[in-house]
Structure formats: C-alpha cells, structure tokens
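A look at the structure
Letter by letter, the chains look like this.
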Amino acid sequence: MLDNQIEKIVLFLLEQQGLLASRIAKLGEQQEALQEHPDISQISELREAYRTVGRDLLKLLYFVEINAIGLRKILKKFDKRFGYRFTDYYIKTRANHPYSQLQQVFKHVGIGAVVGAISRNLGELQDRQGSYISIYDQPPLPLQDSVIDLMKAAVDRLTHSTNFLNFLAQHALILQEELPFPVDEHVEDQRYHFMSLMLNLASTFLYMVNTYIIVPTADDYALSLGAAATVCGIVIGAMAVAQIFSSVYFSAWSNKSYFRPLIFSTIVLFVGNVMYALAYDLDSIVVLLVGRLFCGLGSARAVNRRYISDCVPLKIRMQASAGFVSASALGMACGPALAGLLQYNFKIYKLTFNEETLPGWVMAVAWLIYLIWLWILFKEPSREVEANETPQESNAEPVEGDALENGIKKPLLISSERMEQDADGDNECEGSDEAPEESHQAATSLQSAYRLLTPSVKVQLLIYFMLKYAMEILLSESSVITTYYFGWSTSSVAIFLACLGLTVLPVNIVVGNYICNMFEDRQILLASEIVVCIGILLSFHVFIPYSIPQYVISGLIMFVSAEVLEGVNLSLLSRVMSSRLSRGTYNGGLLSTEAGTIARVVADSTITLAGYLGDSKLLNVTLLPSLIICISSIIATLCTYNSLY
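As recorded in an unreviewed UniProt entry, the protein goes by SPX domain-containing protein and comes from Eucalyptus grandis. Its UniProt record gives the protein a comment under Sequence similarities (unreviewed entry), which states: "Belongs to the major facilitator superfamily." Under the UniProt heading Subcellular location (unreviewed entry), the entry covering the protein gives this text: "Membrane".

1. Description of the nonpolar core
Ranked by internal contacts, the top residues of the largest apolar core, which has 125 residues, are Leu374, Phe378, Leu467, Val532, Ile536, Phe559 and Leu581. Per element, the largest residue contribution to this core is 14 residues, and it comes from helix H21 (residues 455-476). Those residues in contact with phenylalanine 378 that sit more than four places away from it in its chain are Ser196, Leu199, Tyr258, Phe259, Leu262, Tyr307 and Trp373. Phe12, Leu13, Leu60 and Leu122 belong to the second largest nonpolar core, which has 22 residues in total.

2. Some remarks on the packing of helix H9 (residues 194-212) against helix H16 (residues 358-377)
Contact geometry for H9 and H16: axes closest at 11 Å, N-to-C directions at 165°. In terms of their interaxial angle, H9 and H16 are classed as roughly antiparallel. When you trace H9 past H16, the crossing you get is left-handed. Across the interface between the two elements, Met195, Ser196, Leu199, Asn200, Ala202, Ser203, Leu206, Tyr207, Val209 and Asn210 from H9 touch Met363, Ala366, Trp367, Tyr370, Trp373, Leu374 and Leu377 from H16. Among the residues forming the contact of H9 with H16, the class breakdown is 13 nonpolar, 4 polar and no charged.

3. Description of the packing of aromatic side chains
With the rule as written, the count across this model stands at 24 aromatic pairs. Each ring, one from phenylalanine 250 and one from tryptophan 253, has its centre 6.2 Å from the other, and the planes form 15°; the classification is stacked. With phenylalanine 250 and tryptophan 253 both in helix H11 (residues 232-253), this residue pair falls 3 residues apart, about one helical turn. A relative accessible area of 0% places phenylalanine 250 in the buried class. Note on tryptophan 253: relative accessible area 28%, which makes it partly exposed. Measuring from ring centre to ring centre gives 5.9 Å for phenylalanine 259 and phenylalanine 378, while their planes differ by 20°; the resulting arrangement is stacked.

4. Observations concerning unusual backbone geometry
The phi dihedral of aspartate 283 is positive, around 50°, even though this residue is not glycine. Tracing the backbone through its elements, the reader meets aspartate 283 in the loop between helix H12 (259-282) and helix H13 (285-297). Assessed through its relative accessible area of 52%, aspartate 283 is described here as exposed.

5. Points about H16
Taking 1.5 Å as the rise per residue, H16 with 20 residues should run 28 Å; its terminal C-alpha atoms sit 28 Å apart, in good agreement. For H16, the complete set of buried residues consists of Leu358, Pro359, Gly360, Trp361, Met363, Ala364, Trp367, Tyr370, Leu371 and Leu374. Buried positions along H16 lie against H9, H12 and strand S2 (351-353).

6. Some details on H9
The end-to-end C-alpha separation of H9 is 28 Å, in line with the 27 Å expected for 19 residues at 1.5 Å each. Buried residues dominate H9, accounting for 14 of its 19 residues.

7. Quick word on the pattern of salt bridges
Side chains that carry opposite charge are capable of pairing whenever their charged atoms lie near each other. Per the counting criterion, the structure on display carries 6 salt bridges. Between arginine 23 and aspartate 56 there is a salt bridge, with its nearest N and O atoms 2.9 Å apart. Of this pair, arginine 23 sits in helix H1 (residues 2-36) while aspartate 56 sits in helix H2 (residues 40-82), placing them 33 residues apart in sequence. By the burial criterion, arginine 23 is buried, and aspartate 56 matches it. One salt bridge in this structure joins glutamate 48 and arginine 55, with 2.6 Å as the shortest N-O distance. Looking at glutamate 48, the relative accessible area reads 28%, which means it is partly exposed. Several salt bridges share partner residues, and in doing so they unite Arg23, Asp56 and Lys59 into one network.

8. Topic: the confidence of the model for the protein
In the predicted model, the protein carries a mean pLDDT of 78, and 74% of its residues have values of at least 70. Between residues 177-187, whose pLDDT stays under 50, and residues either more than four places distant or in other chains, the model counts 30 contacts. For the stretch residues 385-439, pLDDT sits under 50, and the model shows 91 contacts to residues farther than four places along the chain or on other chains.

9. Describing the environment of cysteine 295
One can find cysteine 295 in helix H13. With a relative accessible area of 1%, cysteine 295 lands in the buried category. Considered as a pair, cysteine 295 and phenylalanine 270 are 25 residues apart in the sequence and their alpha carbons are 7.9 Å apart. For cysteine 295, the contacting residues outside a window of four places in its chain are Tyr207, Asn210, Met239, Leu269, Gly272 and Asn273.

10. With respect to the packing of H11 against helix H27 (residues 588-610)
Orientation of H11 relative to H27, taken along the N-to-C sense of each, is 160°, at an axis distance of 8 Å. In this view, H11 runs roughly antiparallel relative to H27, as classed from their interaxial angle. For H11 against H27, the interelement crossing comes out left-handed. Across the interface between the two elements, Gly233, Ile234, Ile236, Gly237, Ala240, Val241, Gln243, Ile244, Ser247, Val248 and Ser251 from H11 touch Leu590, Thr593, Glu594, Thr597, Ile598, Arg600, Val601, Asp604, Ile607 and Thr608 from H27. Within the contact of H11 with H27, the residues separate by chemical class into 10 nonpolar, 8 polar and 3 charged.

11. Description of the environment of arginine 600
You can see arginine 600 is positioned in helix H27. Overall, arginine 600 belongs to the buried group, its relative accessible area being 11%. Taking the C-alpha atoms as reference points, arginine 600 and valine 241, separated by 359 residues in sequence, lie 8.4 Å from one another. With residues up to four places along the chain from it excluded, the contact list for arginine 600 reads Thr211, Ala240, Gln243 and Glu472.

12. With respect to the side chain of threonine 640
Structurally, the position occupied by threonine 640 is in the segment after helix H28 (615-639). For threonine 640, a relative accessible area of 14% translates into the label buried. Here the side chain of threonine 640 touches alanine 636 through a polar contact of 3.0 Å, landing on its backbone oxygen.

Calculation notes
- Residues numbered from 1 in each chain as written.
- Predicted model: local features only at pLDDT ≥ 70, side-chain atom pairs only at ≥ 80, totals over all residues.
- Heavy atoms only, no water.
- UniProt positions renumbered as here; feature names shortened; annotations may be inferred.
- Core = buried A, V, L, I, M, F, W, Y, C linked by side-chain atoms within 4.5 Å.
- Buried < 20%, exposed > 50% of the residue type's maximum accessible area, 1.4 Å probe, protein only.
- Helix = DSSP H or I, 4+ residues; strand = E, 2+ residues; numbered from the N terminus.
- Contact = heavy atoms within 4.5 Å.
- Axes fitted to C-alpha atoms, helices over the stretch in contact; angles between N-to-C directions.
- Parallel < 35°, antiparallel > 145°, perpendicular 65-115°, else oblique.
- Left-handed = near helix turned anticlockwise from the far one by under 90°.
- Nonpolar A, V, L, I, M, F, W, Y, C, P; charged D, E, K, R; others polar.
- Phe/Tyr/Trp six-rings, centres within 6.5 Å; stacked < 30°, edge-to-face > 60°.
- Expected span 1.5 Å × (residues − 1).
- Salt bridge = Lys/Arg side-chain N within 4 Å of Asp/Glu carboxyl O.
- pLDDT = per-residue confidence, 0-100.
- Polar contact = N/O pair within 3.5 Å; in protein donor to acceptor, adjacent residues only side chain to side chain.

Structure follows, in structure tokens:
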C-alpha cells in the first residue's frame, strides 16, 4: 500500500512538472515576441506571470515536503508498533533499487530545471533589457525577487542541505513552522528594519561581553571583599540565576513589543554594572551580587531571538540567525580579552578604577551609549500589519491551479486531519489528554511545553544541559585553577579564555562545510559526546605535578568538542521539536535557554560549594559531576540513537 501511495506521489509530481514546463514554454514564446517589439506594460505582466508559475512551483514543493514528512511519520509508527526497525529495511530495499520511486520523492528530480528556467527568465526581464548577459555569466549576482528566494529556501529545506551558514544559523534554535505556506513576503518586509536588526545583534554581543568580562577577575574581586576565591562561582552564576526568570518575562513581553523590553533591559544592565563597580568602594559583597543579579534580570536574549523569528524576512532569516550566533561567539571571546586589557589602577574622587572595577564601569558606559542609539534608531515593528494582512491569492490559471490545489490532497493526505492528529499524538504529546482542535496551538505554560517533548527531544535537552555545565565549569573556575596550579596573572587567564572563544567560528566552519556532509548528525552527536568525556577525563588532577600542557590541551578538547556537540545537537533539535514550540511565549528557544541557564547555575554553585573543601580539591570535585552527567547523556543517546533523525 505504501509503495502504491509513493507511486501516486511521483506520477502526480511528474504530471505537475509537465504542466509547469508547458506554461514556462508558452511564456518563453511571449518573451521572444517582446524582444522584437518591447512594451513595458507587457514586460511587467510577463514578469508577474513567471512569478505566478514560481508560486505554483512552491505549492508543488510543499506538496512533496508534506508527503515526505508523512512518509517518515508512517515508517516511525510502524517501528513503534512492531517493535522492529522496519524503516531500515524499507529504505534500504527501496532507495537503492534502480527503479526507485522513493528517490524521486526525496531528490525531486526535474524541479531544479523548472527553478532554473524561472530564475533565468526573471533575471533577463529585470531592468537590463537589451543586454546579452545572463545569470550564468554572472552567477554571484543575486536576483532581487522574493519568489526566487522562497523557491531556493524550499528546495534547500527539502534536501536538508548543510552548509556553514545554515549550520551556524541553527545554533540560534529559531524554529520554523513545519510547513510554512508560501505567501507574499510584503508583510514581513514592512516589519523589517535593517538598523533595528543591527541594534538587536549589538544587544546580543554586548550581553555576552558583559557575561564573560568578569571571569578573569571575579576571584580577585571576591578576595578583595573578604570572601573566598571560589565565591567567584556565585558571582558569575548570579547572572544566570536571574536569567532563568528574565527569559520568561522577556519572552512574554515580546508578544506585545520589542522596543520597550530592550529599553528596560538596557537600563537594568546599566544599573547592574554600576552596582558591580561600586561594590569595591562600598566594600560589600552583597552589592556585588545584587549588581550581577540585575545584569541577569536584563537578559534580553529571548527578545533578540524572537525579533529575528518574527520580524526578519524569510529570505535573510538564516543570515540573521547566523549573525545572532556569531555575535554571541564574538562577545564570548571579546569579554575576557577586554578584561585582560583593563590593567589600570587609579582613583577619581572616591571612586576606584582597577582591574576588578573597570569591567563594570566599561560595560556601564557601553550600555549607556547603546541606550542612546537604541532610543534614536530602533523602529518598533507594526503589529497592525501582522494582524490585518491576509495572504494574497495566487493568480494561477484556473484549470491548472485548481488541479495543483486538489492534487495536494491526493496521496497520503486522504484524511489529513486524522494524520496530523495522529502524528501529534505520536511525536509531540504522547500520553496527554489534549483535544484534537488544540493540536496546533502554541504551548501556554512551561508545563504544557514540557508535555510536548518526545523522549528523543528530552535526551537532546539533557545533552545541551551537559555541555553547558561542562563549559561553565571550565570557564568559571579557570582563574582559580590557573592561579593555584600555575600562578597565572589576570592577563594570562584572559588570553586563554579569549583563545577558547575564538575557536567557535572556525570549528563551526569545519563542521558545517565538511563534517556534516560526510557523516549523519546523530553519528557526530555521539562522537562529540565521547570526545567531551575524554576531555573531562584528561582534565583530572591525577599526575603530579599538574602541568600547563595537560590543562590547556584537555580544556581545548573539552571546549571544541562541546562546541561541535552544541551545533549538531541544536541542528537535530530544530528538526525534531514540535512545530507547536515554534511560536508563543513558551517556545523551543526558551526551553533550550532555560536548560542551558540552569546548567550554568548548577555549575557555578558547584564551584562555590566545592571551594569549602579547599583549592587543592576544587578541580577534581567539580569535574566529577561533569563526568557523571556526560556518561549519563552518552547512555541516553545510545538508548534513543535510532530515533534521532
């Protein structure tokens, strides 16, 4: 029965490709006639006709995509009910056969030719009539047409193509609807404002700088206020504690506005950094911790992520998401590097400016300057456009357009409501009592969002928790460990941390461009977890003396493998997480942020608690939980390995 359904899909696909090719051929004849007798109005009509064909091709691509998703879910249900890996047998026997119909679905043979024909002709109809230069002569030249961008995005999504930009963008975990319908993008274009996007990315960058600029000096600051050096764990982690709560209210606030939460965030961060800097002259560890709590309460990463998801057009959303991740990585590297440069000691009136207080003063000035730019240049997106606009109807030819619309409901979708309901039950809310009509609503609370998580998604969130925990242990205790064992100065610690941060983008280039094209994501996921585990084992203080090469090499192995693991894990997570978690306050991005933030809080608390045992035992005591969590995540991954598509 499944073979018959796939054959229906393929034959319908070929039939519709023929119809589209016939329409393009007729438009080509009209285009040739216009070359002899140019007419601006007819050229505009012809261009719009090509766009109409492109929109109908998009419908065909979505038809293929929804059937591919349906096929995957059908095979998954077979596996679940039989208790046998039927999918492996079916894919091997069907995909490798010389007359494979399955390959026609997943490789959508012939569609590339139609996309190429529409792109070439639209390119020739642009404002360069009379020129003999084609798109093949200048391939880097982008075509300024949203239909072309939508077609390319649909083809890329259908083939699951992997490149550096796409791989990097998935780190942001900005989930899309599983099957977004192809509509005209003029609504998004009205909401999009380039300078607002740049300010949004600047906020992301400054926040990451603010997070890591204190790491090299937090232990010295705690000592100068009469506390133990390991209290640096609480000082660093206070920001993460507050972020657990701020992520929720900022995510909810972004349902109504982006400008006001960004203003509020900037003011709170300014106040928090001033309090952090003043704690030295006030000789108060409480003021220091409250200042860091304020910084965490100003964490607007939920707003930054939501702005890209809601207000950036689809054609550049991947670039914007990659920019979000790049800004975070750059901020992570710049924070410690900047702390290493702030090696001054002077007073102005009664205010002390030294390597411990300068990070607070510098960030306070940076946020003040940012507040001024934000107030002047940020443009609040219009909510009325989003609420009132409705998708425009396609101008396709009546007979052929109806055939395509009706064809979408033929194979595998005879009872689409039942299939969607069944799929949601299998993949999203297994064991829940949700009504069918609620199967596509956004989650309304953290509890309801958690109920949408499948076992494989929970495992991936555990992996995310593990890698964030291990990275936070490595970074937060680096100053205490290196001072105790090696006598490193603040500048040396800053250089080490900055070098770790600078590995993020090169590692993602290698993984996104090469490794992900050579291996399956789940293979890279498991291999990265094992390497993280090896890095943790190598970090233990077993041999005497504990050497700098051992610490640096093990730390580098742990950090780089964790970065690879984060990228692949979020890439998988973005594909298997419920589409209901792509919108609303309690979305997938918020869940991943909360998992990572809680990991950081637990890690920083572990450092402070372990400090009571003495600096000599700090390293091994803090690495032990990392090792246990890492081994647990590897076991969980092996148990769900075959379900990680």
